[in-house]
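# Remarks on the overall topology
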Amino acid sequence: MLSMPDDCILQVTDLKKHFPIEAGFFRRKKIGAVRAVDGVSFSVETGRTLGLVGESGCGKTTTARAILRALDPTSGSVLFRTREGIVDMVKLKGPALKGARADMQMVFQDPYSSLNPRLPIMDIIAEPLKAHGYPKKEREERVKELLSLVGLRPEYARRYPHSFSGGQRQRIGVARALALRPALIVADEPVSALDVSVQAQVLNLLLDLQDRLGLSFVFIGHDLSVVRYLCDTVAVMYLGKIVELAAVDALYEEPRHPYTSTLLSAVPDADPHAPWRRDIVKGEVTGDEREIVGCSFEPRCPYAQEICRNQTPELSSGTVQDSTHLAACHFAGALDLEGVS
Amino acid sequence: MKKMAPDSILDVRDLTVKFFLDEGTVHAVNGVSFSVPAGRSVGIVGESGCGKTVSAYSITRLLPKTARISGEILFRERGGDITNITELEPDGGDMRRIRGKEISMIFQEPMSSLSPVHKISNQLSEAIIQFQGLTKRQARARVIELLQLVGIPQAERRVDDYPFQLSGGMRQRAMIAMALARNPRVLIADEPTTALDVTLQAQVLNLIRDMQDEFKLSLILITHDLGVVAHMVDYVSIMYLGMVVESGPVIEIFDNPKHPYTRGLMHSIPKLRGRRGERVEPIPGFVPSAYALQEGCPFCERCPMREERCTKGIPQRVQVGSEHYVCCHVYQPGEGEPDVVNA
Ligand SMILES: Nc1ncnc2c1ncn2[C@@H]1O[C@H](COP(=O)(O)OP(=O)(O)O)[C@@H](O)[C@H]1O
Ligand SMILES: Nc1ncnc2c1ncn2[C@@H]1O[C@H](COP(=O)(O)OP(=O)(O)O)[C@@H](O)[C@H]1O
Ligand SMILES: [Mg+2]
Ligand SMILES: [Mg+2]
């Protein structure tokens, strides 16, 4: 029997995905591995939103795809509470996997390429229903219901994607994800391609849907303001690992990992009176730091010491007694780091 | 001779750009005016399709042949003479000189200014030799100096790299070095950091600011990111559907926005220093097509303050504060301050 805390819908433990690096023309030989996701653990409370943030290439999308089993993880477990009980997504096969996937859906970043331009949106939204064997009449009813749920007119069902704006297309993507009444939505940068005035429409739609349907979200983003707006808990990733995990306000106001503090201070807030440290961040992620030993942020860290090169820091509460605020830093809790109020 | 405000280096007046296509006419820019005080920075903000890039390409006259441009773009030359850029031949000698030595551009994508098949050294020294009459050797020394200036480590070695050998951040820096190689007086940066992660964005913006001081540049910064403008520029113009709807000193615009669209934008973005639980307020609807020129105010369809007259004529520019202008019927003289909606 699998078990996880009663208030959780998803529990990811030590998830890894390593992509082989191959060389050779006639006989491909494995010469190394990209540790795209390298031992990630977190859980999502039912009806809440977990944010996954970090710079491009840090492994957010790979984590999302591994959770949904859109790819096979190298190791780890993904416990998920479905209508039929708790399953480990990593171990499921065939019809059991299909069944579990109905309860967990994904919304993608690009509202332009994620919708098939040759299908009317009726067919696009109904596609998951069709795959699960719903009869035509029921599908059409459900699509109309879904369109009004996401704030689009049911009459639009016969139109094609090109006749919709970016924000409307993203609503269509959300409607499709909701078709099978999932309990968990994994949204991979769903507003990153949208203009600001329209982005707000989609953000509020997600909040409303959560209120009305009790949905749980894994929200992937790189805009720290958007993540603060939507999320209850935030995990900061750096080179395949979670470096800090905490309740949203604690993480923003009192970051415990130097990388989190660096990220926050680099954001120019939309307020000319707010402080902005454009000169604080040095260097960039090259991938060479993807070391097995030591802290991967060490080359860019202003606080790095000998121990940071020799010993990999574990995600822990450090010197502070608080099991809800974790950081993977040898000096977590002992540094005087700047946050945002 | 044309007259300009004494402190401006560039005055854009009533700029209009249309594209005549088989499908119809695109009204890309509809009477845009703004000026750039010498040595200062001006931000152009607006959502995609509002005409930012077309305005920038009008200044450097790099628009495709399908474009029709009218209005004035006055540029103050080094000697003090004033040139109207809209009257020049796009490929003529004067325009080539202005693009070469006076007004440089940088873009979101570094490879749009760097050639993939030439070494950094050759690309930059070519730019230098062509316009500054240095020898090859002097030019190479100058290139290394420039690369150091933009923060490329081990510049003596990097100078012989091809662009693909540089990391993303270094390529951004090389592009900026390329734009500065000819010692321009105006730098136009079109969404220079839009594709970058936040830490790299901070580094590139920091570099642009340092270079502005170093080269005494006048900067036009185009962006859709209100956070970037808030911290990078002295003056800002907010564009909507090919028009500047509001302009003024950046602090004044943020503290005291007047146009309903500017207010809408400010309320639609979540803040990093977020007041918890406070909802962002989206602007309803979406940007109308640039094919049909509106009869009234371009924003009136989505405007919470819309009145009868807003659908009639295009609103005139009104001064509402020191250097603060707004194009909105509600502020026409004699009306006083309207009720503040969604502020
Ligand atoms: N199919 C793949 N094959 C090899 N490497 C991959 C593959 N997918 C992603 N990666 C690598 O894994 C790392 C993490 O990528 P990704 O999860 O897309 O990051 P993010 O979504 O945070 O930008 C990157 O270095 C990326 O190049
Ligand atoms: N070469 C072109 N031909 C036709 N229309 C164009 C061309 N370039 C831009 N446009 C149109 O002009 C308007 C303004 O575009 P642009 O200046 O690129 O917007 P922004 O940079 O603000 O996103 C848009 O409606 C766009 O579709
Ligand atoms: Mg991604
Ligand atoms: Mg543009």
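Preceding this paragraph is the structure being described.
Because the structure is a prediction, the values reported are computed rather than measured. (Residues numbered from 1 in each chain as written. Chains lettered and ligands numbered in written order. Predicted model: local features only at pLDDT ≥ 70, side-chain atom pairs only at ≥ 80, totals over all residues. Heavy atoms only, no water.)

### Describing the site of ligand 2
Residues and elements named next belong to chain B. Close to ligand 2 lie 14 residues; Gly-49, Gly-51, Lys-52, Thr-53 and Val-54 are nearest. Contacts to ligand 2 include Gly-49, whose backbone N or O atom sits 2.7 Å from an oxygen atom. Contact distances for ligand 2 include 2.9 Å between an oxygen atom and a backbone N or O atom of Lys-52. For the shell around ligand 2, the element with the most residues is helix 1 (residues 52-60), which contributes 3 residues. Its residues assigned to classes, the shell around ligand 2 comprises 8 nonpolar, 4 polar and 2 charged. (Near = heavy atom within 4 Å. Polar contact = N/O pair within 3.5 Å; in protein donor to acceptor, adjacent residues only side chain to side chain. Helix = DSSP H or I, 4+ residues; strand = E, 2+ residues; numbered from the N terminus. Nonpolar A, V, L, I, M, F, W, Y, C, P; charged D, E, K, R; others polar.)

### As for the site of ligand 1
Residue and element names in this part refer to chain A. Taken together, the neighbourhood of ligand 1 is formed by 12 residues, with Gly-57, Gly-59, Lys-60, Thr-61 and Thr-62 sitting nearest. In this structure, an oxygen atom belonging to ligand 1 sits 3.0 Å away from a main-chain N or O atom of Gly-59. The contact in question runs from an oxygen atom of ligand 1 to an N or O atom on the side chain of Thr-62, over 2.5 Å. Coverage of ligand 1 by the protein amounts to 60% of the 560 Å² it exposes when considered alone. Going through the elements one at a time, strand 2 (29-45) and helix 1 (60-67) are the ones with two or more residues in the shell around ligand 1. (Areas by Shrake-Rupley, 256 points an atom, 1.4 Å probe, with all protein chains shown as cover.)

### Topic: the interface of chain A and chain B
In this assembly, 47 residues from chain A lie in contact with 45 residues from chain B. Contact with chain B buries surface across chain A, with Pro-272, Arg-278 and Glu-284 of chain A losing the most and accounting together for 16% of the total. One can count 2 salt bridges joining chain A with chain B. Counting the contacts that link chain A with chain B gives 17 residue pairs in polar contact (both at pLDDT 80 or more). Among the secondary structure elements, those contributing two or more residues to the side of chain A that touches chain B are helix 6 (196-213), helix 7 (224-230), helix 8 (248-253) and helix 9 (258-266) of chain A. Here the side of chain A that touches chain B gets 10 residues from one element, more than from any other, and that element is helix 6 of chain A. Looking at the side of chain A that touches chain B, its residues break down into 23 nonpolar, 12 polar and 12 charged. (Contact = heavy atoms within 4.5 Å. Buried area = accessible area lost by both parts, 1.4 Å probe. Salt bridge = Lys/Arg side-chain N within 4 Å of Asp/Glu carboxyl O.)

### Re the packing of aromatic side chains
Two aromatic rings are characterised by how far apart their centres lie and by the angle between their planes. Here the structure, examined in full by the defined rule, presents 9 aromatic pairs over all chains. Site record: aromatic cluster; members linked through ring pairs are Tyr-238, Tyr-259 and Phe-297 of chain A. Stacked on the ring of Tyr-325 of chain B, the Lys or Arg Arg-317 of chain B has its end atom at 4.0 Å from the ring centre. (Phe/Tyr/Trp six-rings, centres within 6.5 Å; stacked < 30°, edge-to-face > 60°. Lys NZ or Arg CZ within 6 Å of the ring centre and 35° of its normal.)

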